[in-house]
Amino acid sequence: MKINNGFSIKEENGVTIVVCDKTINRNFNANIQLTDTSIFLWKLLETGDKTKEEMLNALLGHFDISAVLALNDIDVFIRTLKENGIIE
């Protein structure tokens with residue numbers, strides 16, 4: 001998985017959100033706020049194409065989190081990004 005061109009994150013009023021370059025995708029108007037875990041996963045995907053297993057290993061290595069909770073967080077993150085056309 002990787003982030004499609006034109007999408008990025010920014011901090012606004014203490015909240016990190018997903019933004020889209022309107023010259024690439026005029027129809028994107030979702031309001032997606034990221035948690036610490038999803039910010040970490042986003043930055044991981046910014047470094048290149050990652051598998052779910054790579055994302056899991058990175059989360060487990062960075063956060064004090066169970067594998068079950070980490071997998072749930074990854075699934076929610078991926079589903080949200082796919083539903084909004086943010087990842088391939």
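This text gives an overview of the structure that appears in the document. Predicted model only: the values in this text are computed from it and were never measured.

So, how was this worked out
Residues numbered from 1 in each chain as written. Predicted model: local features only at pLDDT ≥ 70, side-chain atom pairs only at ≥ 80, totals over all residues. Heavy atoms only, no water. Core = buried A, V, L, I, M, F, W, Y, C linked by side-chain atoms within 4.5 Å. Buried < 20%, exposed > 50% of the residue type's maximum accessible area, 1.4 Å probe, protein only. Helix = DSSP H or I, 4+ residues; strand = E, 2+ residues; numbered from the N terminus. Contact = heavy atoms within 4.5 Å. Arc of directions from axis to C-beta. Phe/Tyr/Trp six-rings, centres within 6.5 Å; stacked < 30°, edge-to-face > 60°. Pairing = 2+ DSSP bridges. Axes fitted to C-alpha atoms, helices over the stretch in contact; angles between N-to-C directions.

### Things to note about the nonpolar core
Core analysis: the largest hydrophobic core is formed by 25 residues, its most contacted members being Trp 42, Met 55 and Ile 86. Counting residues per element, the ones that place at least two in this core are strand E2 (15-20), helix H1 (36-46), helix H2 (52-62) and helix H3 (67-83). With near-sequence residues (within four places) excluded, Trp 42 lies in contact with Ile 3, Phe 7, Ser 8, Ile 9, Val 18, Leu 34, Phe 77, Leu 81 and Ile 86.

### Here's the deal with H2
Every buried residue belonging to H2 is among Met 55, Leu 56, Ala 58 and Leu 59, and all of these are buried. Down the axis of H2, the buried set is contained in an arc of 165°. They therefore lie on one face. Exposed and facing more than 90 degrees away from the buried side of H2 are Glu 53 and Gly 61. As for H2, its buried residues are in contact with H1 and H3.

### What to know about the side chain of Thr 16
Relative to the helices and strands, Thr 16 resides in strand E2. Take Thr 16: its relative accessible area is 13%, and that puts it in the buried class.

### A few points about the packing of aromatic side chains
For any pair of aromatic rings, the description rests on two quantities: the centre-to-centre distance and the angle between the ring planes. According to the stated counting rule, one finds one aromatic pair in the structure shown. Here the aromatic rings of Phe 40 and Phe 63 are separated by 5.5 Å at their centres, their planes lie at 85°, and the arrangement is edge-to-face. With a gap of 23 residues between them, Phe 40 in helix H1 and Phe 63 in the loop between H2 and H3 connect regions that are remote in the sequence. By relative accessible area, which is 24% here, Phe 63 ends up partly exposed.

### Re the sheet that holds E2
The strand order E1-E2-E3 describes an open sheet built from three strands, whose pairing is antiparallel. Across the chains shown, the open sheet's two edge strands, defined by having one partner strand only, are strand E1 (7-12) and strand E3 (33-34). Sheet analysis places E1 next to E2, joined by six bridges and oriented antiparallel. Bridging across to E2, Ser 8 finds its partner in Val 19. Packed onto the sheet, H1 meets E1, E2 and E3 and runs at close to 145° relative to E1.

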